[in-house]
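The primary structure of each chain is shown beneath.
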Amino acid sequence: MTAALVKTEIRGRVGLATLDRPKALNALSNEVIGELAKALREFDADEAVGAIVLTGSEKAFAAGADIAAMQPWSYADVYSQDYLGHDWESLRRIRKPIIAAVSGYALGGGCELAMLCDFIIAAENARFGQPEINLGIIPGFGGTQRLVRAIGKAKAMDMILTGRMITAAEAELAGLVSRVVPVDRLLDDALETAALIASKSLPSVMMAKECINRAFETPLDEGLLFERRNFHALFATEDQKEGMAAFLGKRSPEFKNR
Ligand code: CO8
């Protein structure tokens, strides 16, 4: 039996998935992504989990797609296996919030995987980049789309056309990451943040995620209507009654996630 490439555990109400392929700096082979997709789907289906943290090692969140595996592939190989389809695509259908806790390198597919998460907390040593151009290819898992939305055209063009890496500080300034923390605080900070999110009412958390993501897919008019209808729908939950009663009663809410 081969060792797991993605370690999972549940801490409180937080599902923690850790990429664990240290010898290749967590290079994202199909096997790694297959295991990750399965782990995240299980967290998504588990009532005990309210939020998810995805992390790597101190040296690398993930140094990209597996270059050794890709090097010999022909067009027919990547097309017929629908490389970056299937498991890769299924990652974006996870409905619970996912925080990427990034230390070290987040390059190529690693940067794209972090961007696919709902937000990124970076350690001070984090380095983000889309170096595919140095390999004679381009980003293939959302880099040309999500990076532009995250940091704007000028910086995205700069990064993708030159392949240069940016530091955690530059990533924070550009809006790619939500905050930067010391390396030794990264996991605790991400887990505490996820635990805070998991303490809220899950339907409202999931709807908020869905509405924010819809902002990238629709014209403003449609997005506002989508938001308003979901807002209305939350008045059908017990947690809305509880949350507002708790506020008025000057006590903490006890959410039941229904
Ligand atoms: N694939 C396979 N193996 C890798 C990768 C990778 N992406 N990155 C590092 N490794 C391996 C190295 O080959 C090396 O193996 P070995 O010890 O057997 O020689 C080991 O990891 C350690 O790496 P280095 O010795 O190079 O470590 P350094 O500290 O000197 O350098 C770097 C670290 C700067 C991160 C360097 O390893 C590097 O530049 N890596 C490649 C980064 C890169 O180009 N990434 C983009 C890959 S292409 C891509 O992601 C396509 C995206 C399309 C979507 C796919 C979604 C995943």
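About the thresholds
Residues numbered from 1 in each chain as written. Predicted model: local features only at pLDDT ≥ 70, side-chain atom pairs only at ≥ 80, totals over all residues. Heavy atoms only, no water. UniProt positions renumbered as here; feature names shortened; annotations may be inferred. Helix = DSSP H or I, 4+ residues; strand = E, 2+ residues; numbered from the N terminus. Rg over C-alpha atoms; globule rule 2.2 N^0.38 Å. Buried < 20%, exposed > 50% of the residue type's maximum accessible area, 1.4 Å probe, protein only. Contact = heavy atoms within 4.5 Å. Areas by Shrake-Rupley, 256 points an atom, 1.4 Å probe, with all protein chains shown as cover. Lys, Arg positive; Asp, Glu negative; His and termini not counted. Charge placed at Lys NZ, Arg CZ, Asp CG, Glu CD. Pairing = 2+ DSSP bridges. Axes fitted to C-alpha atoms, helices over the stretch in contact; angles between N-to-C directions. Near = heavy atom within 4 Å. Polar contact = N/O pair within 3.5 Å; in protein donor to acceptor, adjacent residues only side chain to side chain. Nonpolar A, V, L, I, M, F, W, Y, C, P; charged D, E, K, R; others polar. Salt bridge = Lys/Arg side-chain N within 4 Å of Asp/Glu carboxyl O. Domains from an automatic or database assignment. Buried area = accessible area lost by both parts, 1.4 Å probe.

- Per an unreviewed UniProt entry, the chain goes by the name enoyl-CoA hydratase and belongs to Eoetvoesiella caeni.
- As its UniProt record puts it under Sequence similarities (unreviewed entry), the chain is described as follows: "Belongs to the enoyl-CoA hydratase/isomerase family."
- Under the Function (unreviewed entry) heading, UniProt states for the chain: "Could possibly oxidize fatty acids using specific components."

**With respect to the overall build of the chain**
Thought 1: A count of helical and extended segments in the chain gives 12 helices and 10 strands.
Thought 2: Relative to the compact-globule value of 18 Å for 258 residues, the chain shows a C-alpha radius of gyration of 19 Å, a close match.
Thought 3: Counting the 258 residues in the chain, one finds 43% classified as buried.
Thought 4: Contacts spanning at least 24 positions in sequence make up 68% of the contacts within the chain whose residues lie at least 6 apart.
Thought 5: When the accessible surface of the chain is summed, it comes to about 13800 Å², and 57% of that surface belongs to carbon and sulfur atoms.
Thought 6: For the chain, the distance from the average site of its 30 positive side-chain charges to the average site of its 34 negative ones is 4 Å.

**Some thoughts on the sheet that holds strand β10 (residues 179-181)**
Thought 1: A sheet is described by the order of its strands in space; here 6 strands give the open sequence β1-β2-β3-β5-β7-β10, paired in mixed fashion. Strands at the two margins of the open sheet, each flanked by one partner only, are β1 (6-11) and β10. This sheet shows a mean twist of 20 degrees between the axes of neighbouring strands, independent of strand direction.
Thought 2: Bridge count for strand β3 (residues 51-55) against strand β5 (residues 98-102) is 4 bridges, and the pairing is parallel.

**As for the site of the ligand**
Thought 1: The local shell around the ligand holds 24 residues, among which Lys 59, Ala 63, Ala 65, Ile 67 and Gly 109 are the closest.
Thought 2: One of the side-chain nitrogen or oxygen atoms of Lys 59 is found 2.7 Å away from an oxygen atom of the ligand.
Thought 3: Counting only elements with at least two residues in the shell around the ligand, the list comes to α2 (67-70), β6 (105-107) and α5 (109-116).
Thought 4: Of the residues contributing to the shell around the ligand, the split by class is 15 nonpolar, 4 polar and 5 charged.

**A closer look at the pattern of salt bridges**
Thought 1: Here the structure, examined in full by the defined rule, presents 15 salt bridges.
Thought 2: Close ionic contact of Arg 164 with Glu 170 constitutes a salt bridge, the shortest N to O distance being 2.9 Å.
Thought 3: For the salt bridge of Glu 192 with Arg 185, the shortest nitrogen-to-oxygen distance reads 3.3 Å.
Thought 4: Salt bridges here are not isolated pairs; linked through shared partners, they connect Arg 179, Arg 185, Asp 188, Asp 189 and Glu 192.

**Description of the domain arrangement of the chain**
Thought 1: One can read the domain layout of the chain as domain 1 (6-198) and domain 2 (201-249).
Thought 2: Each of domain 1 and domain 2 was reduced to a C-alpha centroid, and the two centroids are 27 Å apart.
Thought 3: Counting from both sides, the interface comprises 11 residues of domain 1 and, opposite them, 8 residues of domain 2.
Thought 4: Buried surface at the junction of domain 1 and domain 2, both sides included, amounts to about 760 Å², of which 55% is carbon and sulfur.
Thought 5: When the area that domain 1 buries against domain 2 is broken down by residue, the three leading residues are Arg 95, Asp 118 and Arg 149, summing to 53%.
Thought 6: In this assembly, domain 1 and domain 2 are joined by 2 salt bridges.
Thought 7: A salt bridge links Glu 217 to Arg 92, with the nearest nitrogen and oxygen atoms 3.9 Å apart.
Thought 8: Between domain 1 and domain 2 we count 3 residue pairs in polar contact (both at pLDDT 80 or more) in total.
Thought 9: Residue composition of the side of domain 1 that touches domain 2, grouped by class: 5 nonpolar, 1 polar and 5 charged.

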